[in-house]
Amino acid sequence: MIKKVDHIGVAVRCISEVLPFYEKTLGLQLQGIEHVEEQKVKVAFLKIGETKIELLEPTSDDSAVAKFIEKRGEGIHHLALGVDDIKKRIEDLRNNGVKMIDETPRNGAGGASIAFLHPKAANGVLVELCEKREGTVQ
Ligand code: CMX
């Protein structure tokens, strides 16, 4: 089942340049910064109650986030929904004819298992399913 909005991804050119706005001006708490090699991004999580903002900085010109910024500029990139049993959720969505980018889960930030739906399947919104594993920090 879908449990909550786990995080909202925001594409930025440079995390260190925008962090003062999120930490000092908005007063949000930085949870940590990490590289997600598989997605070719550096990410920073800022906590807001039960959910988070995930700042995404591309680490390579051929990353999906670099392509997004080049085409649309910085801004909201994806909506991540926290789920139980991600494999089952993917199977259910596929059985309902939903176009998936990931038909099997892959590794995301904080040791989570993630899978993306294609934006064309969700009215132009890139949706991520996200399942925290045992011992996940985020
Ligand atoms: N939100 C909404 N629409 C998006 C989008 C986004 N973030 N990124 C791309 N699109 C749209 C494009 O505007 C384009 O639409 P049109 O055909 O109407 O012009 C369409 O999707 C295809 O986009 P594209 O620029 O041609 O790029 P690709 O097809 O090569 O890739 C996508 C698009 C969504 C398949 C790819 O970006 C992807 O696989 N994303 C998932 C992985 C990802 O984003 N990882 C980053 C960080 C993950 C993390 O750790 O949180």
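One can find the structure itself at the top, above this paragraph.
Criteria and thresholds
- Residues numbered from 1 in each chain as written.
- Predicted model: local features only at pLDDT ≥ 70, side-chain atom pairs only at ≥ 80, totals over all residues.
- Heavy atoms only, no water.
- Helix = DSSP H or I, 4+ residues; strand = E, 2+ residues; numbered from the N terminus.
- Buried < 20%, exposed > 50% of the residue type's maximum accessible area, 1.4 Å probe, protein only.
- Contact = heavy atoms within 4.5 Å.
- Patch = residues over 30% accessible without salt bridge, like charges linked within 9 Å, V, L, I, M, F, W, Y side chains within 5 Å.
- Areas by Shrake-Rupley, 256 points an atom, 1.4 Å probe, with all protein chains shown as cover.
- Salt bridge = Lys/Arg side-chain N within 4 Å of Asp/Glu carboxyl O.
- Pairing = 2+ DSSP bridges.

Visitor: Tell me what's going on with the environment of L79, and back it up with residues and numbers.
Guide: Note that L79 resides in strand β5 (residues 75–83). With relative accessibility at 30%, the residue L79 sits in the partly exposed group. Separated by 37 residues in sequence, L79 and F116 have C-alpha atoms that sit 9.7 Å apart. Excluding its chain neighbours within four sequence positions, the residues that come into contact with L79 are V5, H7, I8, V125, L126, V127 and E128.

Visitor: Tell me about a nonpolar patch on the surface, and name the residues and values.
Guide: A cluster of nonpolar side chains, namely V5, I8, I76, L79 and V125, defines an oily patch on the protein surface of about 370 Å² accessible area. Contributions of two or more residues to the nonpolar patch are made by β1 (2–11) and β5. For V5, the location among the structural elements is in strand β1.

Visitor: Before we move on, can you summarise the sheet that holds strand β4 (residues 51–58) with the specific residues and values?
Guide: Strand order in the open sheet formed by eight strands is β2-β3-β4-β1-β5-β8-β7-β6, and the pairing between neighbours is mixed. Both edges of this open sheet fall to β2 (29–36) and β6 (106–107), since each of them pairs with a single strand only. Relative to β5, β1 runs antiparallel, the two sharing eight bridges. Bridge pairing in β5 links V5 to L81.

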